[in-house]
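Here is what each chain is made of, one letter per residue.
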Amino acid sequence: MPPVDETGRRRPSRAPRTPMPERDPVERAQDFDEVALGYTEEQALAEADRCIQCANPTCIAGCPVNIDIKAFIARILERDYAGGVAVIKERNALPAVCGRVCPQEEQCEAACVLSRKGEPVAIGRLERFLGDYDLACDLEHRCRVEVGQDSGRKVAVIGSGPAGLACAGELRRFGHAVTVFESLHAPGGVLTYGIPEFRLPKSIVQAEIEMLQATGVEIVTDAVVGATYTLQELMSVHGYDAAFIGVGAGLPIFLGVPGENLNGVYSANEFLTRVNLMRAYEFPKADTPVWRGRKVAVVGGGNVAMDAARTAKRLGAEQVFLVYRRSEDEMPARREEVHHAREEGIEFKMLCSPQEVLGRDGWVTGMVVTRMELGEPDESGRRAPVCVVGSEHTIECDTVVVAVGTRANPLLTTATPGLEVSSRGYILTDEDGATSIPGVFAGGDIVTGAATVILAMGAGKRAARAIDRYLRDSS
Amino acid sequence: MFAIVHKRQLSESVFEMGVHAPQIARKVRAGQFLMLRVNERGERIPLTFSDWSADEGWIRFIFMRVGKTTHLLSHLEVGDALADVVGPLGVPTHTEGLGRVAVVGGGVGTAVAYPVARAMLEAGNEVTAIVGARTKDLLILIEEFEALPLAKLMVVTDDGSAGEKGLVTAPLARLCDAGAIDHAMAIGPAIMMKFCAQTTKERGVPCTVSLNPIMVDGTGMCGACRVTVGGETKFGCVDGPDFDGHLVDFEELMSRQRVYADLEREADAEFSKECSCRL
C-alpha cells in the first residue's frame, strides 16, 4: 500500500518517472516485434504512485476524450485493474491502442501538474498497462461497455478507422444498431494499414475491434461506400436512419519533382500498406511483394516518416536517410519516435529539400536535394525553410519513400450529391459533425485534414452524441 | 467470402470466372474493375469486369494464368470461394455520343473490350470490333462478339492462324484512313495500346485506352498506379482506368508494370515447388 502521513493522507512517491522497458535497438531493428514492452505490475504501481491525485485535476481537460485519468490511476493504486479499465472505457473504447499511439506529451501529460516542476506522470504508459491487462483476460472477463436499450434505430458508419470505431462504440452505448462499412478487407483503417506492427501490434487492434463487435457493432469489409453502395442508398434503401463518415484523408501527396514515377519511389501509404496490411515482410509466404532497398531515403518529418524509415531498416536496408526540409526541432513527429528512429540507426538529413529523383533504366539511383536555411516563421508558426542557392547535392539511394502528408479522397464525396466540401475536398461540418445533408455526420481526418488517432476518436464520439440527439429529435 | 458460381477455360491459360456478388452486380458499368484476394495470405489484384447480371446477382472476370495469384485462381472451382471481391472501382468508360467507334481488344484485354463494345452499342454508337491475339488458340469471346449487332468484326492473329495475319493496328489504320471511325478504344497489353494510340494519333482519330497499372488498394490510397498523362501524374484507380491514349506515357507504364518481375518469379518458383500443375 502507498505510504500515508500521520493524518492518514497518502504521500505520493517523489521518484523519477518510471522508464518504459524497451527492446535493444540493434536487436529490434531486425524484426517487426513490438519495441516498447509495457509496464510490469510493479512498474505500473510505482508510476501510479507518483500521481498526487490533485483535487482539481488538469490532466482530464488535456485529453481529447476527457478520460477520468485521476480515477483510473486511483484504481491502479488500489490494484483494482478491472475497475481502472472500466473508468477508461467509459470514455475510450481503445485503451491499448491509445496508450501506445496517443501523443500524450502534448495532451494529458502536458497538462499534468507535475510537468510544471518536473516530469509528468506517464499517463499513456499507465493507460496501456490497463488496456493490455484487459486484453490479457479471456473474452468473457474483459471489460464490456454497457450497451443501451435497443432504440430501434440504425446508423451506418463509413470507415473503420479511429473515428468510425469510436463513433460506433458510442452509438451502441446509446442503444442504436450500428453497421461499419470498410473498403479494405480488414477493419482498423490507419491502425491496420498504416501504423507498423513494431509500434502497434495488429493483434492488439484486432482484439480491441473484437470487443466492439462483442457489444453488437457489425463490421462489413470489402464495402466501398461511394462505389459498392452509395450513401443515399444506405439511407433510403437499406434503412439507415443516420450516417457517420469517417473515411480519413487517404490520398497520398507526392513531391511533384521530376523522376517521382521511377520504380523504387513509394508513397508512405503504399510502402506501409504493403508491409502492414499485406504483410509483405513475410514475402514469399505472404503473396504481396515489396521492393527492399539497400539505401532508402524517406522524405518527411512526421510520425509516418519515422514509421516508414524504421520499416525500411527492418526490411534489411543498409542505410536509411530521413530527409526533412526543416530542422529536427520543427519535426511534427513525436519525440519518442524520433528517439527510437535515431537509436535504430536512421541517419537524419535535416534542412534538405528534394529537387529531383534520379534514375537509370527506370529505377531510382539517387535524389538531388538542396540545403535549406530557416527564415521567418510561416503561417504554421514554424520557421520557414529557404533554399541555399548553389547547395544542390545528391544522396545516393535506390528507394525513395515520400511521407509528406495526405489529402482528402474524393471517392465518397464526389459520389454523394449535396454533401458540401471545402476547396480542398474536406467535408464541411458544424462543431458537432453535422454535414450539409440531414442525418449525415462526419469527423476525423476527412473533416480536419490529417491529424491524430485520438483527435479522430474524439470527433467520432462527439458526432455519436449529435447523432443520438438527431435520432431522438426525429423520432 | 464470395462463392464462385461459374468457371470456364477459354484457352490454355485464360479463364473466365463468375462470383456471387449481388451488391456489386447492381452497380457495375462497362470499363470498371474489381480488386480480389484469393485467400488470407493473398495479394490484392485488379481485374476488369467482363460481364455481370444484376438480376442474377453475379459478376464475371477473365484472367490469364501468369503468376502465383492467377495460378491459385485457376485451381478454384465452382463451389469454392474467394476471400475478397471489392468493387466496382474506377470511372466507367465514356460511351455517350461517340458516333462510329472501333473497339480494339488484344489478348486477355478482349475480356474488357466485350462489355465496352456492348455498352457502346447500347449508348447508340456504331461499333466495329477488332479482336486480336498471338495465335488462334488464344482468341477469346469471338462467339460473344459475333452475337453483338456490330458494324463489323475483324479478327487478327500474329501468326495468321485465324483471321487476318498481323497486328491489330493494321485494320485500325485502314478504318482511320477510310474515314470510317470517329473514335477508337483500345484495351490490351500496354505495348498494343501504345501502338494503337500512335496509329490513331497519326491519323487524327481520338483514342481512349484502358490502363492496367499495378495497384494495392484500388481506391486511391496507395498511389502505386500512378501514370503520366499529358505530363501530369494521375492515379489509374480513381482517375482512370480510361485515359486519352494520345497523352499517356506508355514507356513509363511498361517500366512500372515490371517493378516486381523478379520478386514475382521468386514467388512463382516457391509456388511451383508445392504445385504439381506446372511440371
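Residues numbered from 1 in each chain as written. Chains lettered and ligands numbered in written order. Predicted model: local features only at pLDDT ≥ 70, side-chain atom pairs only at ≥ 80, totals over all residues. Heavy atoms only, no water.

**A short note on the nonpolar core**
- Ranked by internal contacts, the top residues of the largest apolar core, which has 71 residues, are I69, F72, L126, L191 and I467 of chain A.
- For this core, the element with the highest residue contribution is helix α18 (residues 453-473) of chain A, accounting for nine residues.
- Leaving out residues up to four positions away in the same chain, I467 of chain A has contacts with V155, C167, L171, A242, A243, F244 and F441 of chain A.
- Of all hydrophobic cores here, the second largest spans 56 residues; its members include F15, A30, V38 and L76 of chain B. (Core = buried A, V, L, I, M, F, W, Y, C linked by side-chain atoms within 4.5 Å. Buried < 20%, exposed > 50% of the residue type's maximum accessible area, 1.4 Å probe, protein only. Helix = DSSP H or I, 4+ residues; strand = E, 2+ residues; numbered from the N terminus. Contact = heavy atoms within 4.5 Å.)

**Quick notes on the confidence of the model for chain B**
- Looking at chain B, the pLDDT average stands at 93 and 98% of residues meet or exceed 70.
- Both confidence scores are given for the complex: pTM 0.93, ipTM 0.92. (pLDDT = per-residue confidence, 0-100.)

**Looking at the interface of chain B and chain A**
- Opposite the 41 residues of chain B that make contact, chain A presents 43 residues.
- Of the roughly 3500 Å² buried at the junction of chain B and chain A (both faces included), carbon and sulfur atoms supply 54%.
- Counting across the chain B and chain A interface gives three salt bridges.
- A salt bridge links K27 of chain B to E233 of chain A, with the nearest nitrogen and oxygen atoms 2.3 Å apart.
- Inspection of the chain B/chain A interface yields 23 residue pairs in polar contact (both at pLDDT 80 or more).
- Elements supplying a minimum of two residues to the side of chain B that touches chain A: α1 (22-25), α2 (68-75), β7 (84-89), β14 (226-229), β15 (232-235), α7 (250-257) and α8 (261-274) of chain B.
- With six residues, β7 of chain B is the single largest residue contributor to the side of chain B that touches chain A.
- Its residues assigned to classes, the side of chain B that touches chain A comprises 19 nonpolar, nine polar and 13 charged. (Buried area = accessible area lost by both parts, 1.4 Å probe. Salt bridge = Lys/Arg side-chain N within 4 Å of Asp/Glu carboxyl O. Polar contact = N/O pair within 3.5 Å; in protein donor to acceptor, adjacent residues only side chain to side chain. Nonpolar A, V, L, I, M, F, W, Y, C, P; charged D, E, K, R; others polar.)

**Some remarks on the side chain of T370 of chain A**
All names here are of chain A.
- With respect to the helices, strands and loops of the structure, T370 is situated in strand β11 (residues 363-377).
- Side-chain polar atoms of T370 contact the side chain of Q355, separated by 3.1 Å.
- Beyond its immediate sequence surroundings of up to four residues, T370 is in contact with L351, C352, S353, Q355, C387, V388, S391 and E392.

**Some words on the domain arrangement of chain A**
Residues and elements named next belong to chain A.
- When its domains are assigned, chain A resolves into domain 1 (25-141), domain 2 (154-250 + 408-473) and domain 3 (252-406).
- The C-alpha centroid of domain 3 is placed 32 Å from the C-alpha centroid of domain 1.
- Opposite the 13 residues of domain 1 that make contact, domain 3 presents 12 residues.
- Taking both sides of the interface into account, the surface hidden between domain 1 and domain 3 amounts to around 1000 Å²; carbon and sulfur atoms contribute 52%.
- Contact with domain 3 buries surface across domain 1, with R28, A29 and F32 losing the most and accounting together for 53% of the total.
- Across the salt bridge formed by R28 and E343, the nearest N and O atoms sit 2.7 Å from each other.
- The tally of links from domain 1 across to domain 3 stands at nine residue pairs in polar contact (both at pLDDT 80 or more). (Domains from an automatic or database assignment.)

**Details of the pairing of strand β5 (residues 58-64) of chain B**
Residues and elements named next belong to chain B.
- Summarising burial for β5: six of the seven residues are buried, a large majority.
- As paired strands, strand β2 (residues 14-20) and β5 are joined by seven bridges and run antiparallel to one another. Bridge assignment links E16 to a residue of β5, and that residue is I62.
- Where strand β4 (residues 45-53) meets β5, four bridges bridge the pair, whose relative direction is antiparallel. Across the sheet, D51 pairs through a bridge with R60, a residue of β5.
- Hairpin remark: β4 followed by β5, antiparallel, with four residues in the connecting loop; positive phi at G57, about 75°. (Pairing = 2+ DSSP bridges.)

**Brief notes about the sheet that holds strand β8 (residues 319-324) of chain A**
All names here are of chain A.
- A sheet is described by the order of its strands in space; here five strands give the open sequence β6-β14-β7-β8-β9, paired in parallel fashion. Whereas interior strands pair on both sides, the edge strands pair on one side only; in this sheet they are β6 (265-267) and β9 (347-350). On average, each strand axis in the sheet is inclined to that of its neighbour by 20°, with strand direction left out of account.
- For strand β7 (residues 295-299) and β8, the ladder comprises five bridges, and the chain directions are parallel. Residue pairing for β8: K295 is matched across the bridge by Q319. (Axes fitted to C-alpha atoms, helices over the stretch in contact; angles between N-to-C directions.)

**Description of the sheet that holds strand β10 (residues 152-157) of chain B**
Residues and elements named next belong to chain B.
- Within the open sheet, the seven strands sit side by side as β11-β10-β9-β8-β12-β13-β16. Their pairing is mixed. The sheet is open, and its two borders are formed by β11 (164-165) and β16 (242-244), each paired with just one other strand.
- One ladder, built from five bridges, connects strand β8 (residues 100-106) with strand β12 (residues 183-187); its direction is parallel. Note on β12: the bridge partner recorded for V101 is H183.
- Docked against the sheet, helix α3 (residues 110-122) engages β8, β9 (126-133) and β12, running at close to 165° with respect to β8.

**Observations concerning the side chain of D222 of chain A**
- With respect to the helices, strands and loops of the structure, D222 of chain A is situated in the loop between β3 (218-220) and α12 (231-236).
- Although D222 of chain A is buried, it makes no salt bridge; R44 of chain B carries the closest opposite charge, 4.9 Å away.
- Setting aside residues up to four positions removed in sequence, D222 of chain A forms contacts with E182, S183, L184, H185 and T228 of chain A together with F2, A83, D84, V85 and V86 of chain B. (Lys, Arg positive; Asp, Glu negative; His and termini not counted.)

**Some details on the packing of helix α9 (residues 162-173) of chain A against α18 of chain A**
Residue and element names in this part refer to chain A.
- Axis separation between α9 and α18 bottoms out at 7 Å; the angle between their running directions is 35°. The crossing of α9 and α18 is right-handed. Contacts between α9 and α18 pair P162, A163, A166, C167, E170 and L171 from the former with V453, A456, M457, G460, K461, A464, R465 and I467 from the latter.
- Tallied by class, residues from the contact of α9 with α18 come to 10 nonpolar, one polar and three charged. (Left-handed = near helix turned anticlockwise from the far one by under 90°.)

**Topic: α7 of chain B**
All names here are of chain B.
- With respect to burial, α7 is a largely interior element, six of its eight residues being buried.
- Looking only at α7, the buried set comprises F250, E252, L253, M254, S255 and R256.
- For α7, the elements touching its buried residues are α6 (190-202), β13 (207-210) and β14.
- Two or three places before E251, at the opening of α7, D249 has a side-chain oxygen 3.3 Å from that residue's backbone nitrogen.

**Quick word on the state of the cysteines**
Residue and element names in this part refer to chain A.
- Per the counting criterion, the structure on display carries zero disulfides over all chains.
- Of all cysteine sulfurs in the structure, the one in C352 sits closest to C387, which takes part in no disulfide; the separation is 11 Å.
- Here C397 stays free of any disulfide, with the sulfur of C352 as its closest cysteine sulfur at 12 Å.
- Residue classification places C397 among the buried positions, given a relative accessible area of 3%. (Disulfide = S-S within 2.5 Å.)

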